[in-house]
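# Overview (structure and organization)
Given next are the chains, with one letter for each unit.
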Amino acid sequence: MAEIPAHFERIERFWLAPPHKARIAGGVTAYGYQWNHSNFDWFKTLVNDRLRKRQKNRCCYCRRPLVFDKGHVEIDHIVHKGSTNSPYARFAFEAQNLALSCKDCNNNKGKKTVLARAIRAGSNYPKQAKAFSWVHPHFHRYSDHITIHQGWVYESKNKSPEGLEVIRKCMLDKLAGKELANRRVIVDGAADLKAAVIRAVAMVEDVGLERLCRELGGHLSRKWRSASSAEVKQVIRDTHAAVQMIRMP
Ligand SMILES: [Zn+2]
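In what follows, the accompanying structure is described. (Residues numbered from 1 in each chain as written. Predicted model: local features only at pLDDT ≥ 70, side-chain atom pairs only at ≥ 80, totals over all residues.)

### Considering the pairing of strand β5 (residues 153–156)
As paired elements, strand β4 (residues 146–149) and β5 share four bridges and run antiparallel to each other. The residue bridging Ile146 from the neighbouring strand is Ser156, located in β5. (Pairing = 2+ DSSP bridges. Helix = DSSP H or I, 4+ residues; strand = E, 2+ residues; numbered from the N terminus.)

Structure, rendered in structure tokens:
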């Protein structure tokens, strides 16, 4: 089965300029580690901009595109910050503790721990991959731990325990079914069969041509009744071939 690329391996490091650090420190002095306080909105905008570029607009865990039909994009605290007086609250504004994730992954991860062992009170944020029990978006190379097969089927690479942890805690094994349902919604929104096929072909890269034909041949044939399942599959293959021709240099 062909694979979907990770799109980026780990988040390229970024630093906060001294005035930014001072502004955060001032905010923390005034309001504590209240991530949701409007005083820190500027910081969330800055982090969102920087991470979007570095993450190529992909979720740090499932690597699906961060688009609005998947719900709001979330800034995930990789080590959960907890309440404002929790020992990890001070990691709320730590750049390497932040990554963009889709709502599915963020909700499923919730407050689950990602640390190999608890961090001692007062210690700095750990900067080494081995401090974490799962694929840390800033420290681990994603494709060393997780393989994404076409159709959004996830597998831990060489049984990587860190990869398995992400698949389990973010429930990535549920995404194949969810994405199949999404694809049906996408083609069902087209005005006619021809437009539906064009929408289908746009998804070949993520799904694979044969799998897509199997999924949508009968589905579109039932919906539009103007072509049999076999005919729809053939139109999908022909349209895909035509698109490939256009793309050739
Ligand atoms: Zn995700």
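Back to the write-up after that little detour.
### Some details on the sheet that holds β4
Across the sheet, which stays open at both edges, the three strands sit in the order β1-β4-β5 with antiparallel pairing between neighbours. One side of each edge strand has no neighbouring strand; the edge strands of this open sheet are β1 (3–4) and β5. Looking at chain direction, β1 and β4 are connected through two bridges and run antiparallel. Across the sheet, the residue bridging to Glu3 is His149, located in β4. Helix α4 (residues 161–169) contacts β4 and β5 of the sheet and is inclined by roughly 145° relative to β5. (Contact = placed C-beta atoms within 7 Å. Axes fitted to C-alpha atoms, helices over the stretch in contact; angles between N-to-C directions.)

### Observations concerning the environment of Val166
Its place among the elements puts Val166 in helix α4. With 74 residues separating them along the chain, Val166 and Ala92 place their C-alpha atoms 21 Å apart. Contact partners of Val166, with chain neighbours within four places excluded, come to Tyr61, Trp134, Val135, Ile146 and Leu172.

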